[in-house]
Each structure stands twice: as C-alpha cells, then as structure tokens.
There are 2 protein chains.
Amino acid sequence: MTGIPVLRTSDNVRTLVDSWRGAGMRVGFVPTMGALHQGHLSLVSAALEQTDRVIVSIFVNPSQFGPEEDLDSYPRTFTRDLMKLEEAGAHGVFFPSETEIYPDGFSTSVHVSGLTENLCGKYRPGHFNGVATVCAVLFGIVHPDVAVFGRKDAQQLAVIRRMVKDLRLDVDILAADIFREPDGLAMSSRNSYLSPDERKQAAVIFGGLSKAVEMVSKGERHTEPICIAVREFISRAALAEIQYLEIVDINTMKPVDMLTTPGLLAIAVYFGKTRLIDNVILKP
Amino acid sequence: MTGIPVLRTSDNVRTLVDSWRGAGMRVGFVPTMGALHQGHLSLVSAALEQTDRVIVSIFVNPSQFGPEEDLDSYPRTFTRDLMKLEEAGAHGVFFPSETEIYPDGFSTSVHVSGLTENLCGKYRPGHFNGVATVCAVLFGIVHPDVAVFGRKDAQQLAVIRRMVKDLRLDVDILAADIFREPDGLAMSSRNSYLSPDERKQAAVIFGGLSKAVEMVSKGERHTEPICIAVREFISRAALAEIQYLEIVDINTMKPVDMLTTPGLLAIAVYFGKTRLIDNVILKP
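As the structure is a prediction and not an experimental result, all values here were calculated from the model. Positions within a chain are numbered from 1, following the residues in the order the chain's sequence is written. In the order they appear in the text, chains get letters beginning with A and ligands get numbers beginning with 1. Local features in this predicted model are restricted to residues of pLDDT 70 or higher, and side-chain atom pairs are both shown and tallied only at a pLDDT of 80 or more, whereas totals for entire chains, interfaces and linings draw on every residue.

Asks: Lay out the nonpolar core with the relevant residues and their values.
Replies: Put simply, a nonpolar core is a cluster of buried Ala, Val, Leu, Ile, Met, Phe, Trp, Tyr and Cys residues tied together by C-beta atoms within 7 Å. Working definition of burial: number of other C-beta atoms within 10 Å of the residue's own, with buried at 20 or more, exposed at 12 or fewer, and partly exposed in between, all C-beta atoms being placed from the backbone. Counting residues in hydrophobic clusters, the biggest one holds 165 residues, and the most contacted among them are Val44(A), Ile205(A), Leu265(A), Val44(B), Ile205(B) and Leu265(B). What counts as a contact here is a pair of residues whose C-beta atoms, placed from the backbone, lie within 7 Å. The residues contacting Val44(B), other than those within four sequence positions of it, are Val30(B), Val54(B), Val56(B), Leu85(B), Ala88(B), Gly89(B) and Ala90(B).

Asks: I'd like a description of helix 3 (residues 78-88) of chain B, backed by residues and values.
Replies: Residues and elements named next belong to chain B. Secondary structure counts use DSSP, requiring at least four H or I residues in a row for a helix and at least two E residues in a row for a strand, with both numbered from the N terminus. What helix 3 keeps buried is the set Asp-81, Leu-82, Leu-85 and Ala-88. Buried residues of helix 3 fall within an arc of 130° about the axis and therefore sit on the same side. In helix 3, those exposed residues whose orientation departs by more than 90 degrees from the buried face are Thr-79 and Glu-87. Packing partners of the buried residues in helix 3 comprise strand 1 (6-7), helix 2 (38-50), strand 3 (53-58) and strand 4 (92-94). Picture the helix axis, draw a direction to every C-beta atom, and the arc is the one those directions span.

Asks: Tell me about the sheet that holds strand 8 (residues 240-249) of chain B, residues and numbers included.
Replies: Within a beta sheet, neighbouring strands are joined by backbone hydrogen bonds and run either parallel or antiparallel to one another. Residue and element names in this part refer to chain B. Note: two strands are recorded as paired if DSSP finds a minimum of 2 bridges between them. Strand order in this open sheet of three strands is 8-9-10, and the pairing throughout is antiparallel. The sheet is open, and its two borders are formed by strand 8 and strand 10 (274-282), each paired with just one other strand. Along the sheet, successive strands turn relative to each other by an average axial angle of 15°, direction set aside. Bridge count between strand 9 (residues 263-271) and strand 10: nine bridges; the pairing is antiparallel. Orientation is described by lines fitted to C-alpha atoms, with helices fitted over the stretch in contact, and by angles between N-to-C directions that extend from 0 to 180 degrees.

Asks: A description of the packing of helix 9 (residues 204-217) of chain B against helix 10 (residues 223-235) of chain B should follow, citing residues and the corresponding values.
Replies: Residues and elements named next belong to chain B. Two elements in contact, helix 9 and helix 10, have axes whose closest approach is 9 Å; the angle formed by their N-to-C orientations is 150°. If you check the angle between helix 9 and helix 10, you find them roughly antiparallel. By crossing handedness, the relation of helix 9 to helix 10 is classed as right-handed. Residues Val-204, Ile-205, Gly-207, Gly-208, Lys-211, Ala-212 and Met-215 of helix 9 form the contact with helix 10, whose own contacting residues are Ile-226, Ala-229, Val-230, Phe-233 and Ile-234. Three classes are used: nonpolar for Ala, Val, Leu, Ile, Met, Phe, Trp, Tyr, Cys and Pro, charged for Asp, Glu, Lys and Arg, and polar for all others, with Gly counted as polar. Taken together, the residues that form the contact of helix 9 with helix 10 break down as nine nonpolar, two polar and one charged. Convention used here: angles under 35 degrees read as roughly parallel, angles over 145 as roughly antiparallel, angles from 65 to 115 as roughly perpendicular, and any remaining angle as oblique. Note on convention: near helix rotated counterclockwise from far helix by under a right angle means a left-handed crossing. Clockwise means right-handed.

Asks: A description of the packing of helix 2 (residues 38-50) of chain A against helix 3 (residues 78-88) of chain A should follow, citing residues and the corresponding values.
Replies: All names here are of chain A. Between helix 2 and helix 3, the least distance of the axes is 10 Å, while the angle of their chain directions is 35°. When the axes of helix 2 and helix 3 are compared, the crossing they make is right-handed. Counting all contacts with helix 2, which are made through Leu-41, Val-44 and Ser-45, the residues of helix 3 involved are Lys-84, Leu-85 and Ala-88. When grouped by side-chain class, the residues that make up the contact of helix 2 with helix 3 number four nonpolar, one polar and one charged.

As structure tokens, then:
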C-alpha cells in the first residue's frame, strides 16, 4: 500500500487544496489519463519546482475519444501509477469516477476554434472540445496556481493556453519539454500498444524531426523542402504511415511557408493501429 | 458628473474587487447590456442585500445577437445608466470596450446543450453560446461571490446555472423576480422600440400569463388546454404575433404535458418588429 492520498470526490480535493492554500502554499496540478511514464513524472517534477504541493489527476476522459478510437483499450495501470506518483513526490491523486466529472445533466462544453482546425483537430473531430471541457472542469475543481502540460501534445497546449487566456481562468500554464526514450521516441502511454518491430521502427519519427532541425540549422527557411525531406526520411520505415506532417505557426497552428519566426513541425504517424504524435520547434 | 467609479479595463476591475475582498467584503455582480430600467435596478438591490459591494457591467455583447437582430439599434443610454446606478447604490461600473472582452485572437466559446434547443434557443441560434461565453468571461474578470440574473430571461438563467454547475465556477447565481409596469408588461430595454399602440396592446402578454395561473389555481393540470387558452387570449390583440408559447420543465426546458411539478409557461411575442419575452411559473 502507498501513503499518497487518493481523492475520489471534488469536495475532498477542494478541502485538501483549501487547507494547503490556507497555509500559504502554492498548488500545482498535473492532469493525466494515467498509464504514467517518465514523461508524466517529468511534469510532476516541473510542478514541484514551481509550487509547494502537487495534485495529479488520473481520469480517462471519454469525451476526448472519437467513436472509433481506443477509449476501451486505453491502458489502465492505477496501482503502478500510484507508486510512481508517490516516488515522484506528488502530494495527492485525484481519481474521480466518470459521474464525478460529468454528473447527471451535465450539458456544457468549451470549444476553442481556429487553433483546432488543423493537425490532430482535423483528424480527431471533437477531441479538443473534450480536452478543453475536461480541463476547465478540472481547473474548476482543483483551483491550482499552476497546471503543467507536456509539449508533446503541442496543439493541446495551445488550446489550453488559449482557453485560459480567453476565459480569464486564474491558472498559470507551464509547458514541460518532451521526454524521450534513449532512441528518441517520445514517451507515450500508447507506446505500449506497439509490437517489437513497430517499436523499433518508431524511432524513425525522431530521426525525421532531427533531420528538419539540421536543415534549419544549415539555413533552410522554406517549409516545403523540409516537409518533403522529413516525409521521405520517415517513409523509409516500412511500418510507418504518416497521417499528417506540417509546419505551423506555434501560436495559431496555421501552416507557414517560410520560417521567419519559430515554427512547429508536427507529425502524426500510424504504426499498425497505433497512432503516435511528435513535434519539434524549428527556430530560424 | 457622477461619482461612481467607471472601470474600462479588466485589470482595473480586478484591482478594485481584490481590494474589497482583501477587506473581507463579499462582492456582487449584475451583468447588463445597459439601457437600464427598474428591472435592472431591482437586480442591483437584490445583489446589495446579499453582498457588501456591487459591480454592474454594461456591455452590449455582439456574440449574442443574430445577423438579422437589433445589435446596431439596441438602445445605448450610458450617461443615464450611470446616474441610475449611482442612485441604486452600486459601487462600480464595468464598461469595457469590445476588444477588452474579446481581444485579438479570442477563440473560445462555451456551449450549453439540451437546455438551449427549445424556446428562444430555437429561434435565436447561437444566442445562448454568446450569453454563456460572455458570462464566463465576465465571471473570470470580476470574480464575484454572487451574480444576479432576472427571471424574465428564464432560459438564460437556466443556461447560466447549468454552466456554473458544470464548470464548477465559484459564484452563486441569484434569480430576481420579474419587474413589471403597472399594466403588467415586463420591463425590458426593448419596450422602448414599441409604438404607442403596440405598447398599449403589449399588456395582453401579462393578461395571458395571468389566465394560465388562474386555470392552474382552478385545478387544470394538462398543459395543452392552458396553452390554447393563453394563445387565444393573446391573439385578441391585433398587433400581437406569437413566436412561441410553451410550458416546459423549469430545469430542463423540455415541454411537459402535465403539471406534476412546477412548469414554466414561456412566451415570445412580436409587436411589429419588436420581440418581447415573458414567463410565469405555474405551480400545481
């Protein structure tokens, strides 16, 4: 058994957070869907650097999965997650039921337009409405001073930042860098779906991103040749099937032709049925 | 000149509200679109009863008007509004520009489904998204303890309550009763659009609502005969054109056949180009 408090209700979270805040402490928050890996734990570390107490939520949010997506098979590893969080130094785990987050009669959704038309938003209709809504609800329950999101989900990060700014939510959003396996594959709960062959070939994504960084460092500013080269690089992996590969403005998520300011090279690649995303910021 | 502080920016509002809260005071909030009448002032009074300081916002919110609606002609009477608010005892007026509420790049909207499919929501597509979004923004700026809404906009009240509950916003929503002219016409900024003949005939709406209350008090529980009688009553006014007339559940806003619990009789009636709404709760 672990000693980290597990809170099942919003009231319990609020009581704990209010007691911390009453003692003058700053509260950090890391929303997750569980199946925790070192990437998540690095978010906890980032939160610990900025705040005195850190709450991690574990909630596989149905409203951000499409009807054909992997809601049912999404990995659930709660006991291991708890041990990892205790070791990482988190101070509480919010592990709500679905009806705790979406009680009977729940009818509200938060939409962020523009930013969500491209990249993942194009291929996962409704996904970012689900993400924005659950984050608004979680922020409303937890009332954190700081919430930490990973840069791997770059479009999600942009959506959350936009929502927080637009709705004047009282929370600072902190972005944490992508945490990678030794071969460069970005950590993801979905990496567990990969077969050994797929896993081995998946390192090609980071290879492609690195190729782009190299081209920019050598002076390339046009995005089209970079995209062509990265696509060519990734396509060498027989099991890789690219869903999208684009260079976009890091704030608006709209495609750019020339790198006059930093651009985001964002990729989604299928290996079999497993969809992986990754990205890198290209600084001219 | 009036002495009530007029705040043009969110920062100024927050500074003022934070100073009040720092002094242990509770803060009330009344969002309006200006063109204030006694109905609005009764909301200020209701806020003053529950809180120590009251902020009123005056913002004609473009996003809650349809393309064919009266955004441009909506009455603007700021100087008179200020005098009325000072007399009513309000402590501050938030009078933002459009870009203060919706700065460049604003992309977020709040949607409340279900509740908004019927009544005004059916005839004013997008209206309640605009209302919910601007209220979420205003609550985010003002951070009130209590916000007051009139019962005349019954569907709006239900939408705001639902949003606050779903997004766990930290504000108590207080409903204030409908304030009526001596002949029963509900106060509305849009009453100023009525010609003398239309104004005279508009009292028929309250007559129709009173007819329904009378039928229920005499034992009628079926909603169909009530609706028929009210429709017949209002149609006696030659200038009245009913847009909708329905009895709905006060929480879900869905039509009901029998009054087993209190129902809301809600009406929208055109007099010429002027659309008026009104309602009454029918208690079996």
